[in-house]
Amino acid sequence: MHSQIPHLRNKQDGATQDEAPLVIVDKINGALRLMAVDARALALGLTPGLALADARARVPAIDVVALDAVADDACVERIADLCDRWTPLVALDPPHGLLLDISGCAHLFGGEESLLNDIGRRFAHGGLNLRMAIAGTPDAARALARFGRGGIVPPGGEARAVGPLPVAALGIASDIVHGLSRAGLKTIAALAERPTIPLAARFGDDLLARLRRVLGREDIRITPRRPPPACMAERHFAEPIARTSDIEATLTRLMMQIADLLHKRGEGGRYFEASFFRSDGQVTRIAVETGRPVRDPKVVLRLYREKLEALDDPLDPGFGFDLIRFTVPVAEPLDEAQVSLDGRINEESDVADLIDRLVARFGRDRVQRFIARDTHDPHRTAFAVPVTYESGKGTATTLNWPAPEPYEPPLRPLQLFDPPQPVETTAEAPDGPPRRFQWRRSWHEIALAEGPERIAPEWWRRESGTPTRDYYRVEDVNGRRFWLFRAGPYRNPPAKTLWYLHGLFA
Amino acid sequence: MTHTALPALRRSLARLEREGPARARDVFSLGLPEVDQTLGGGLSRGALHEVYALGGPDVAAATGFAIAMALRAAPVPATPGLAIPGPIVWARQDYVDMEAGRLHAPGLAELGLDPDRVIVVQAPDALGVLRAGAEALRCSALGAVLIEPWGETSAIDLVATRRLSLAAGDSGVPALMVRLAANPKPSAAATRWAVRSLPSQALEAGAPGLPAFAITLLRNRAGSAGHEWRVEWNRDERCFRNRQREQEPGRARPALPRPVGAVSANRPGARPDWPASALTDPALAEQTRWRDAG
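Quick look at the structure, then. As the structure is a prediction and not an experimental result, all values here were calculated from the model. (Residues numbered from 1 in each chain as written. Chains lettered and ligands numbered in written order. Predicted model: local features only at pLDDT ≥ 70, side-chain atom pairs only at ≥ 80, totals over all residues. Heavy atoms only, no water.)

Right, let's get into the overall build of chain A. Helix and strand counts for chain A come out as 14 helices and 20 strands. Residues counted as buried form 44% of the 506 residues belonging to chain A. The long-range fraction of contacts in chain A, counting pairs at least 24 apart against all pairs at least 6 apart in sequence, stands at 56%. Accessible surface, chain A: about 26100 Å² in total, of which carbon and sulfur atoms supply 52%. (Helix = DSSP H or I, 4+ residues; strand = E, 2+ residues; numbered from the N terminus. Buried < 20%, exposed > 50% of the residue type's maximum accessible area, 1.4 Å probe, protein only. Contact = heavy atoms within 4.5 Å. Areas by Shrake-Rupley, 256 points an atom, 1.4 Å probe, with all protein chains shown as cover.)

Right under this line is the structure:
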């Protein structure tokens, strides 16, 4: 099925109540041309494609608004979100078109006819006029919605329905349209009668493939904007619900169904998504992620509770939700956990549950672990990655942490400043640490020092423009231990040597 | 109803009595006999312990001491593979990263903490840090939970600390709260420590030695408080040691207020250059902090 939204631009800019006809213009090849017009402008003979100067000459009093493609796209995305309530398979068909795969969905809404009515009624509330078509293939539906009158094509009736449409309805490039019309082939029916081999030789295979699809002889699936979930449960409400307890009860019931479905498949979800369809058309999606496959309803619902509590703007039911859907977009095989005699699996899963809860509350990027890297650059040697980061990509995770030398003091600081903090120094020796340095407005008298340890940047990394550094481990008279470095270069030393504090030792 | 309820209540009370002290007795030692004696055997495991950094630059010392405590609480077993110590959850406020630098994993390894054991939770504010800490403390599979907020905040009060210590008591996981740039306030912690860096025992050629701290027991629920010890952390033995001597003889340390080699570290508090009473008095503590930063 295809819905085309002819007057989208007019509507979203807010159809003004004054009498002047509204046109939307954009610059094409250096000239301002009408991109869309409202009904009044259309009645006055202003059509899309007309130059703005010509339009002004015909109708001097018009309201001109510049095209805002980004806002248009955002609006179409929102409409596509709303269309999720009829089918999970929705694809964008730019410009301003949507493709819905309604195989097996229409009967839920009382048949194709009443489905079309339902969609039309819902969008009419929002002030949108749609042109919709239902056909056996997406291409036929698109051709009928964009170039025909829309409507429902009975099974097998595609060839007759699209026959009278112009060849441009095939969605082909304009030079091919031009070439076909010069050959006298103006409609799809005329094209369909021709022998295929000369057509392919002259205009390419693509034309024939499109023709076959529009005529319903070949069917390709649409590519939905959101991949179809592994499993899904949903609940419609005749009367929208708004109370938190109702919403929670619904989530619990849906999660039980999902758990059953996952159990039958022998899988657990790694990613859960609850979609709340508000009766005024807004759709809120709330997702939780888990570190390992899960299907225990208690665990998932607990994550949801965490997530809902931590939301910046709480779930606003407005006038109520009339559809709540629970999907599992990502599922992985899950075997029943085997608890070993010492209960270790339990402990591991306890920690995994904790990590999931922390991730749900604080977000992926805020729960981190360290991975080692094979490098000397102190900035790069340790890397904090999100705890859910998949290991095994690259060799970084297989590295072990370098074991410290036995009975040596710590050679690397506990805390590292990023970027290093510049310090004031006095009484420098040419080859040694300074006697004193000032950091954060207090002076530190150096009592003990070790160094230099020269760390050169990795020349094979182009972005490392830092010069070679000489690091010193120093301790002041009060026992504070610092990691200082002097910034190079040493071949042509700068007039003033710059010292930085890079880290603090315990 | 009373016929069935009363015995049940008695049973549950008896169970509580059995469990309560048993859990409280589950202690870990710092490895120093004097300290353990003062603590009455050691630090209780399922409890909240606070570590205050005395001066601005002492943040690393306080953090280091807390790591050492966590390592003492969940020691690595002698035979590897027998039991892997539980992970350590480290809830940190974002501001700590800016003020004191972010955690450097090789530096953790240098103190004896395997960075693979650490799960860092970055929270935007003190409340978030407390929440993450409380959440983590419910999981008994952990080795320890470190909670590191920054500065004075009204979020950390008697109620919040009580909640944390109850959670720690239930799960038996030690909660270590590192307080940076903050003055001691009433709390439900079992012990409270003040930590500052101490000059280390120099190695050859005047190189800084093992991490050394002056630790002061400011508060102790199980016994007396106000003692100061001078300790150094030995990563290889995962153990605290008394710091042997004040300094190398013959090396000049002009700014050091103490006479050379005068104090035996075996006599805690014998000559504290930091009077214990000063630490409990906020005004004096503030003064000393300024002097320290000075």
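Each side of the interface is counted separately: chain B has 74 residues, and chain A has 58 residues. Summing the contributions of chain B and of chain A, the shared interface buries around 5500 Å²; its carbon and sulfur component is 59%. For the pair chain B and chain A, the number of links is six salt bridges. One can count 20 residue pairs in polar contact (both at pLDDT 80 or more) joining chain B with chain A. Classifying every residue of the side of chain B that touches chain A gives 42 nonpolar, 14 polar and 18 charged. Across two bridges, strand 13 (residues 367-372) of chain A lies against strand 6 (residues 118-123) of chain B in antiparallel orientation. Paired with A:Gln368 across the bridge in strand 6 of chain B is B:Val120. (Buried area = accessible area lost by both parts, 1.4 Å probe. Salt bridge = Lys/Arg side-chain N within 4 Å of Asp/Glu carboxyl O. Polar contact = N/O pair within 3.5 Å; in protein donor to acceptor, adjacent residues only side chain to side chain. Nonpolar A, V, L, I, M, F, W, Y, C, P; charged D, E, K, R; others polar. Pairing = 2+ DSSP bridges.)

Next up on the list: a nonpolar patch on the surface. Together, B:Leu6, B:Leu9 and B:Leu13 line one region of the surface with nonpolar side chains, adding up to about 280 Å² of accessible area. Summarising the element assignment, B:Leu6 is placed in helix 1 (residues 2-25). (Patch = residues over 30% accessible without salt bridge, like charges linked within 9 Å, V, L, I, M, F, W, Y side chains within 5 Å.)

This part takes up the side chain of A:Arg295. Mapping A:Arg295 onto the fold places it in the loop between strand 11 (283-294) and helix 13 (297-310). A polar side-chain atom of A:Arg295 sits 2.8 Å from the main-chain carbonyl oxygen of A:Glu267.

A few words now on the pattern of salt bridges. The tally for this structure, following the rule as stated, stands at 50 salt bridges over all chains. Notably, a salt bridge pairs A:Asp206 with A:Arg210, separated by 3.1 Å at the nearest N-O pair. With a gap of four residues between them, A:Asp206 and A:Arg210 both fall in helix 11 (residues 205-214), about one helical turn apart. A relative accessible area of 44% places A:Asp206 in the partly exposed class. Assessed through its relative accessible area of 21%, A:Arg210 is described here as partly exposed. Residues B:Arg92 and B:Glu148 are paired through a salt bridge, measuring 2.9 Å at the closest nitrogen-oxygen approach. Of the two residues, B:Arg92 is situated in strand 4 (residues 88-93) and B:Glu148 in strand 7 (residues 144-148); the sequence distance between them amounts to 56 residues. Accessibility classification places B:Arg92 together with B:Glu148 in one group, the buried group.

Once that is clear, we can look at the packing of aromatic side chains. Two numbers describe a pair of aromatic rings. These are the distance of the centres and the angle of the planes. What the rule picks out here adds up to 17 aromatic pairs over all chains. Note on A:Phe272 and A:Phe326: the rings are 6.4 Å apart at their centroids and 65 degrees apart in plane angle, and the pair reads as edge-to-face. Note that A:Phe272 is positioned in strand 10 (residues 267-278) and A:Phe326 in strand 12 (residues 321-333), a separation of 54 residues in sequence. By the burial criterion, A:Phe272 is buried, and A:Phe326 matches it. Each ring, one from A:Tyr472 and one from A:Trp499, has its centre 5.7 Å from the other, and the planes form 45 degrees; the classification is tilted. Of this pair, A:Tyr472 sits in strand 18 (residues 469-476) while A:Trp499 sits in strand 20 (residues 499-505); the two residues are 27 residues apart in sequence, bridging distant segments of the chain. The pair A:Tyr472 / A:Trp499 is uniform in exposure class, with both members buried. Through successive ring pairs, a cluster of aromatic residues spans B:Phe65, B:Trp193, B:Phe213, B:Trp229, B:Trp233 and B:Phe240. Cation over ring: A:Arg436 sits above A:Trp443, and NZ or CZ is 4.6 Å from the ring centre. The ring of A:Phe505 carries the charged tip of A:Arg473 above its face, separated from the ring centre by 6.0 Å. (Phe/Tyr/Trp six-rings, centres within 6.5 Å; stacked < 30°, edge-to-face > 60°. Lys NZ or Arg CZ within 6 Å of the ring centre and 35° of its normal.)

Right, let's get into the nonpolar core. Ranked by internal contacts, the top residues of the largest apolar core, which has 64 residues, are B:Phe65, B:Leu108, B:Trp193, B:Phe213 and B:Phe240. Looking at this core, the element that brings in the most residues is helix 3 (residues 59-73) of chain B, giving 12 residues. Excluding residues within four positions of it along the chain, B:Phe213 makes contact with A:Ala506, B:Ala61, B:Gly64, B:Phe65, B:Val195, B:Arg196, B:Leu198, B:Trp229, B:Arg230, B:Val231, B:Trp233 and B:Phe240. Within the second largest apolar cluster, 35 residues are counted, among which are B:Val121, B:Ile156, B:Leu164 and B:Ala168. (Core = buried A, V, L, I, M, F, W, Y, C linked by side-chain atoms within 4.5 Å.)

Residue and element names in this part refer to chain A. Note the cis peptide between Asp 418 and Pro 419, where omega equals 0 degrees. Note on placement: Pro 419 falls in strand 15 (residues 415-426). With an omega dihedral of 0 degrees, the bond running from Gly 451 to Pro 452 counts as a cis peptide bond. Looking at the element boundaries, Pro 452 is found in strand 17 (residues 442-455). Even without a glycine there, the phi angle at Asn 29 is positive, about 50 degrees. Topologically, Asn 29 is positioned in the loop between strand 2 (22-28) and strand 3 (31-37).

Looking now at the side chain of A:Thr87. Residues and elements named next belong to chain A. Structurally, Thr 87 can be placed in the loop between helix 4 (69-83) and strand 5 (90-93). Among the polar contacts made by the side chain of Thr 87, one reaches the main-chain amide nitrogen of Leu 89 at a distance of 3.1 Å. Engagement of the side chain of Thr 87 in a polar contact is seen with the backbone oxygen of Asp 101, the distance being 2.8 Å. Apart from the residues lying within four places of it in its own chain, the contact partners of Thr 87 are Leu 100, Asp 101, Ile 102 and Cys 105.

With that settled, consider the sheet that holds strand 3 (residues 48-53) of chain B. Pairing is mixed across the open sheet formed by 11 strands, whose spatial order is 14(A)-13(A)-6(B)-4(B)-7(B)-8(B)-3(B)-9(B)-10(B)-11(B)-12(B). Strands at the two margins of the open sheet, each flanked by one partner only, are strand 14 (382-386) of chain A together with strand 12 (239-242) of chain B. Strand-to-strand twist of the sheet, defined as the mean angle between neighbouring strand axes without regard to direction, takes the value 30 degrees. Relative to strand 8 (residues 175-179) of chain B, strand 3 of chain B runs parallel, the two sharing five bridges. Bridging from a neighbouring strand, B:Tyr52 pairs with B:Arg179 of strand 8 of chain B. (Axes fitted to C-alpha atoms, helices over the stretch in contact; angles between N-to-C directions.)

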